[in-house]
Amino acid sequence: MKKTLLSLVTATAALALATVAAEAKLKACFIYVGPIGDFGWSYQHHQGALEMQKNLGGEEQVELAYLESVAEGADAERALERFARSGCNIIFTTSFGYMDATNAVAGKFPDVKFEHATGYKRDHPNVSTYNSKFHEGRYVQGIIAAKMSKAGVAGYIASFPIPEVVMGINAFVLGAQTVNPDFKVKVVWANTWFDPGKEADAAKALIDQGVDIITQHTDSTAPMQVAAERGIKAFGQASDMIAFGKETQLTAVVDNWGPYYTERVKAVMDGTWSQVDVWGGMKEGHVVMAPFTNMPDDVKAAAEAAVEKIKGGFEPFTGPITKQDGTEWLKDGERAENGVLLGLNFYVKGVDDKLPQ
Amino acid sequence: MFDAIIITIATAATPILIAAIGELVVERSGVLNLGVEGMMIMGAVTGFGVALTTGSPWLGFLAAAVVGALFSLLFGFLTLTLVTNQVATGLALTLLGLGVSGMIGEAFIGQPGVKMGNISIPLLSDLPFVGKLLFGQDPIFYLSILLTLAVAWFLFRTRAGLTLRSVGDNHASAHALGIDVIGIRYMAVTFGGACAGVAGGYLSLVYTPQWIENMTAGRGWIALALVVFASWRPWRVLAGAYLFGAVSIGQLHAQALGVGVPSQLLSALPYLATVVVLVLISRNRRLTMINTPASLGRAFVPDR
Amino acid sequence: MRLELVKRPQHSTLFSALSPFIALGLTLIAGAIMFSLLGKNPVDALYYYFIDPLRETWSLHELAVKAAPLILIAVGLSVCYSSNNWNIGAEGQFIAGAILGSSIPVLLPGFQSWIVLPLMLILGMAGGAAYGAIPAWLKVRFNTNEILTSLMLVYVAQLFNDWLVRGPWRNPQGFSFPGTVRFHEYAVLPEIWPAAGRANWGFVFALVAAFLLWFMMSRTLKGFEVKVLGQSPRAGRFAGFSSSRMVFFAFTLSGALAGLAGICEVSGAVGHLNEKLSIGYGFTAIIVAFLGRLNPLGVVAAGLVLALTYLGGEAAQISIGVSDKAVRAFQGMLLFFVLACDTLIHYRIRFVGARAGAGEAMRHV
């Protein structure tokens, strides 16, 4: 009798424990604008999500759900609502265009945490925004480019004239000018985030115009392949693209979302989540440089020194900086305000292009 | 530099040219297949996969052609045997192709592909200026020119070509003359599918040797426009494809040179030009009668 | 052995009723096979595709949001196609309507009154109709193939919209991101029942349009004219109908409805004009029109079914990890089967033996 009772108690306890465990299992959800097979923006977010799941104890602890290729509009709002209702504790919305949908749905589900990448609206206390200082990586690329280039001109394949992209071009030029004050950048707007053929064409056009280093702010690996074919050097974008250019890639600015996702999901688990506006860079580990390859040791040393400097708190947008039209933007030692950077719509001196307005 | 630019234009034009030549034959037989994009993307994914597994881009192209043809047979069975609406069936084919290719291709993402190399002929390829242009490109480039030549010859210089055109012009009289209308259309559709498959393979094996979802990015639709732009004439398709290539490459060069032009306007030019050309060739009814397959898009059921 | 079609003297009432169900059944079987190949339990997958999204009120509202533009565009196209005019450019007319309708809140943000919304809807229809009239005019005046011109104009509209929202119409407070200002409250299409879900009046417009066009097609002389000219232009001319006027009628009608869908989408579901407006409703609606067999009421059902596959695709992706690529493959198969089964309405299928086939070939020689 006693034994039965005991086993009953143990069983109940076990059951209770199991229930607790089931409740403790957290559901983290991700919505991606492209296919996770783009090997660029959405792919890297998904890699970050998988890393987060691994860091926090795998499938037993964190349930992962995602939707890919969700259009930014009515579809996004529906997808987010479905997530919220399906028991997601925290939802990451990984594209600028999800901003309004994120805030609308967050208002309806105050108990669910929302994290919106690259946006600026936080209408409700359960909405955070996060972004990465990719321009720090581009500054380092600029230094490498100026040291490696014989022509003194680099080619830049850009997607759309939004602040993020303009910031990257400017940071690249600023980095290059620390090495060679006369360094120039030629920009081609591909008007797409993602069209391998067109990106390849843009790379070829730039190379035919005499650039001997290619960098890109579009998502596919096509420009890297073209650079490899034509025997010049290039930088990878979003992910480490070394497989597509073993003798070509100098380094890549890798979007490393894993640490941030781990930190935020863990905060939900611990009950310490609160609204933030995070703009992390190399210091926080959100921006990582792929291994420096295909370059002499002195260039590598200069690049590593720049990374250390930035990790120590250096901001590439520190004066003196002159705008493209010759007027002064930042005085000696003056740092650009975040607000100005996040809405950046002009070039600094040395960009050989007219910014589409 | 100039020869390099022309080679770039040729690379941009070749996939559109191959797909358009295939579609031209299909339309000359009186069938409108709007599924070019779907067949191309199927060709791209199978070509990539087969080349990756076997290491041979040639086998990749062969597989791309076979899969493109098989996929077009699906369209053929519906529109020719079951006389379904060609517009709707073509659209469904594109949807299906985009979906299925995405599923097949999931394993290939992030893998560098096998590139078909350029040919090299000793001495000739090293000639200044014209060497690379004439004797140093990829084999499929030469195939695309030969294909244009062959199709032009076939359509306008052979009896079989005449038969195919007569089927497209007036299927009822062709049938009355004892021509197997459906059979000929099946062959044309299959040929078009194989061409679209090769064109897709060109994207994933030559142009940008990798597999990425939706990598055709609308080139199938451009090929469709090109056929009409060319008023169903093979050499004009060739000219149109190179013109299109030149405009899109020229725009990038203009930008790199720092010429500021709204890129949307430049991108819209080929489409506006196609409309204008359509109007020009259609307003002259005699010209239209000569060139346009009069039975285009109309179903045919032999009544007996 | 091969297939041969024999035209039925009259179209089969039995197969008219049965064919959608046969098609659906075949799609389910093919879908089940596809899901099994993907390593998913087919019963689960089909449950998430077709049942799960129908279980809750909010989800039904979302179904209406997704189906509204599809139905609005597709009913217009169904009339257009019935008249044997091939408007493939509804996507362009959708964008044109959205742009012209948005011009009021974007260009005159200070003009705030109850009249704004009705004006926007009217301008939206006018924009779509005008854009649709271009291929119609080219067809009538120059005999130009309307399939191709209307398709080309889609790209032009997309690029024009892209230029507008990145250039002159860009929100000055939007951190240089593409997109206009958010519409003020008078310019927003209200939700029908905000407490229950997000469905807006666009869905009501869709149902009304479908009913009106069904009435027109089945009960009025105009509908008769559409069908006669569609089946035989010669007969139509003998009856005194003008095929030129019909071209304009078909294109402006389908264009206006596509334009209305565009402005409803912008002012109802999205709230401002941006570069991501065009996600292919105009092309998907072509499929909807055929799924509904060019019957306005059938189009309503077809629009709901297709919208359901989108919602179900998401549910299946979240719950059992079916790739979103499966949705498109699924829609393609559904359309194939519907088109194939509809053949049975007009034709009997006969299998011809190899010997007969060979004899046939002999005679051709």
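Higher on the page you've got the structure.
Residues numbered from 1 in each chain as written. Chains lettered and ligands numbered in written order. Predicted model: local features only at pLDDT ≥ 70, side-chain atom pairs only at ≥ 80, totals over all residues. Heavy atoms only, no water.

A. Representation of the overall build of chain B within the structure. Helix and strand counts for chain B come out as 13 helices and 0 strands. Along its sequence from the N terminus, chain B presents helices and strands in the succession α-α-α-α-α-α-α-α-α-α-α-α-α. For 304 residues, the compact-globule estimate of 2.2 N^0.38 gives 19 Å, and the C-alpha radius of gyration of chain B, at 19 Å, lies within 12% of that figure. Considered along the principal axes of its C-alpha atoms, chain B spans approximately 60 × 45 × 40 Å. Counting the 304 residues in chain B, one finds 63% classified as buried. Partitioning the intrachain contacts of chain B with sequence separation of at least 6 by distance along the chain shows that 77% fall at a separation of at least 24. Only carbon and sulfur atoms are counted for the fraction: they give 71% of the accessible area of chain B, which is about 10900 Å². One way to put it: in chain B the 15 positive side-chain charges average out to a point 14 Å from where the 11 negative ones average out. (Helix = DSSP H or I, 4+ residues; strand = E, 2+ residues; numbered from the N terminus. Rg over C-alpha atoms; globule rule 2.2 N^0.38 Å. Buried < 20%, exposed > 50% of the residue type's maximum accessible area, 1.4 Å probe, protein only. Contact = heavy atoms within 4.5 Å. Areas by Shrake-Rupley, 256 points an atom, 1.4 Å probe, with all protein chains shown as cover. Lys, Arg positive; Asp, Glu negative; His and termini not counted. Charge placed at Lys NZ, Arg CZ, Asp CG, Glu CD.)

B. Local environment of the sheet that holds strand β7 (residues 184-189) of chain A. Residue and element names in this part refer to chain A. As summarised here, the arrangement of the 7 strands in space is β12-β10-β9-β8-β6-β7-β15, forming an open sheet in which the pairing is mixed. Each having just a single partner strand, β12 (287-289) and β15 (351-352) make up the two edges of the open sheet. Note: strand β6 (residues 153-158) against strand β8 (residues 213-216), 3 bridges, orientation parallel. When the bridges of β8 are listed, G155 appears paired with I214. (Pairing = 2+ DSSP bridges.)

C. Just the interface of chain B and chain A, in detail. Listed by partner, the interface residues are 29 residues for chain B and 31 residues for chain A. Taken together, chain B and chain A are joined by 2 salt bridges. Measuring nitrogen to oxygen at the nearest pair gives 3.3 Å for the salt bridge that ties K115 of chain B to E229 of chain A. Looking at the side of chain B that touches chain A, the elements that each hand over two or more residues are α1 (2-28) and α11 (234-256) of chain B. At 6 residues, the largest contribution of residues to the side of chain B that touches chain A is made by α11 of chain B. Within the side of chain B that touches chain A, the residues separate by chemical class into 15 nonpolar, 11 polar and 3 charged. (Salt bridge = Lys/Arg side-chain N within 4 Å of Asp/Glu carboxyl O. Nonpolar A, V, L, I, M, F, W, Y, C, P; charged D, E, K, R; others polar.)

D. Examining the packing of α1 of chain B against helix α9 (residues 181-207) of chain B more closely. Residue and element names in this part refer to chain B. For the pair α1 and α9, the least separation of the axes is 7 Å and the interaxial angle reads 170°. Classified by the angle their axes make, α1 and α9 are roughly antiparallel. Touching T11, A12, T14, P15, I18, A19, I21, G22, V25 and V26 of α1 are A188, V189, F191, G192, C195, A196, V198, A199, Y202, L203 and Y207, all from α9. Of the residues assigned to the contact of α1 with α9, the class counts are 17 nonpolar, 4 polar and no charged. (Axes fitted to C-alpha atoms, helices over the stretch in contact; angles between N-to-C directions. Parallel < 35°, antiparallel > 145°, perpendicular 65-115°, else oblique.)

E. Broad picture of helix α3 (residues 74-85) of chain A. Residues and elements named next belong to chain A. Under the 1.5 Å per step criterion, the end-to-end length of α3 is 17 Å for 12 residues, consistent within 8% with the ideal 16 Å. When α3 is considered as a whole, its buried residues turn out to be A74, D75, A76, E77, R78, A79, L80, E81, R82, F83 and A84. Within two residues after α3, G87 carries a phi angle of roughly 95°, on the positive side. (Expected span 1.5 Å × (residues − 1).)

F. Structural detail: the side chain of Q210 of chain B. Along the polypeptide, Q210 of chain B turns up in the loop between α9 and α10 (219-229). Overall, the relative accessible area of 2% leaves Q210 of chain B in the buried class. A distance of 2.3 Å separates a polar atom in the side chain of Q210 of chain B from a polar atom in the side chain of T221 of chain A. Separated by 3.1 Å, the side chains of Q210 of chain B and Q225 of chain A make a polar contact. Setting aside chain neighbours within four positions, we find Q210 of chain B in contact with T221, A222, Q225 and F244 of chain A together with F48, Q111, G113, S204 and M215 of chain B. (Polar contact = N/O pair within 3.5 Å; in protein donor to acceptor, adjacent residues only side chain to side chain.)

G. Molecular detail of the packing of helix α2 (residues 41-55) of chain A against helix α9 (residues 258-270) of chain A. Residue and element names in this part refer to chain A. With their axes 8 Å apart at the nearest point, α2 and α9 run at an angle of 50° to one another. Considered as vectors, α2 and α9 are oriented oblique to each other. As α2 packs across α9, the resulting crossing turns out to be right-handed. Mapping the contact onto sequence places H45, G48, A49, E51, M52 and N55 in α2 and G258, P259, Y261, T262 and V265 in α9. For the contact of α2 with α9, a count of residues per class yields 5 nonpolar, 5 polar and 1 charged. (Left-handed = near helix turned anticlockwise from the far one by under 90°.)

H. Local environment of the interface of chain B and chain C. The partner chain C presents 44 residues to the 47 residues of chain B that form the contact. Taking both partners together, chain B and chain C bury about 4200 Å²; carbon and sulfur atoms supply 77% of that area. In terms of surface lost to chain C, no three residues of chain B exceed L95, M103 and Q264 of chain B, which account for 15% of the buried area on that side. Where chain B meets chain C, there are 2 salt bridges. The partner of K325 of chain C in a salt bridge is E213 of chain B, with the nearest N and O atoms 2.9 Å apart. Counting across the interface, chain B meets chain C through 4 residue pairs in polar contact (both at pLDDT 80 or more). Contributions of two or more residues to the side of chain B that touches chain C are made by α3 (57-81), α4 (86-105), α10 and α12 (263-283) of chain B. Counting residues per element, the side of chain B that touches chain C draws most heavily on α4 of chain B, which supplies 13 residues. Counted by class, the side of chain B that touches chain C contains 29 nonpolar, 12 polar and 6 charged residues. (Buried area = accessible area lost by both parts, 1.4 Å probe.)

I. Geometry of the pairing of β7 of chain A. All names here are of chain A. Burial runs high along β7: 5 of the 6 residues are buried. Once the chain exits β6 it traverses helix α6 (residues 163-179) before rejoining the sheet at β7, and the crossover so formed is right-handed. The pairing of β7 with β15 spans 2 bridges and is parallel. Looking across to β15, one finds that V185 is bridged to V351. (Right-handed = clockwise from strand over helix to strand, strands pointing away.)

J. Seen up close, helix α8 (residues 221-231) of chain C. Within the sequence span of α8 of chain C, burial applies to G223, E225, V226, V228, L229 and G230 of chain C. The secondary structure elements touched by the buried residues of α8 of chain C are α3 (57-82), α7 (201-219), α9 (233-238) and α10 (243-270) of chain C.

K. Focus on the environment of S101 of chain B. All names here are of chain B. Relative to the helices and strands, S101 resides in helix α4. Owing to a relative accessible area of 1%, S101 belongs among the buried residues under this scheme. Taking the C-alpha atoms as reference points, S101 and G240, separated by 139 residues in sequence, lie 28 Å from one another. The contact partners of S101, leaving out residues within four places of it in the chain, are I41, M42, V45 and W211.

L. Layout of unusual backbone geometry. Cis geometry is adopted by the peptide bond preceding P320 of chain A, which originates at G319 of chain A and carries an omega value of 5°. Its identity is not glycine, yet T118 of chain A carries a phi of approximately 70°, on the positive side. Locating T118 of chain A in the fold gives a position in the loop between β4 (113-117) and β5 (127-132). For N143 of chain C, which is not glycine, the phi dihedral falls at a positive 65°. Among the structural elements, N143 of chain C can be located in the loop between α5 (116-142) and α6 (146-166).

M. Examining the state of the cysteines more closely. Residues and elements named next belong to chain A. All told, the structure shown has 1 disulfide over all chains when counted by the stated rule. Here C29 is linked by a disulfide to C88, with a sulfur-sulfur distance of 1.9 Å. Taking the torsion about the S-S bond as the criterion, the C29 to C88 disulfide, at about -85°, is left-handed. Of this pair, C29 sits in strand β1 (residues 26-31) while C88 sits in the loop between α3 and β3 (90-93), placing them 59 residues apart in sequence. (Disulfide = S-S within 2.5 Å.)

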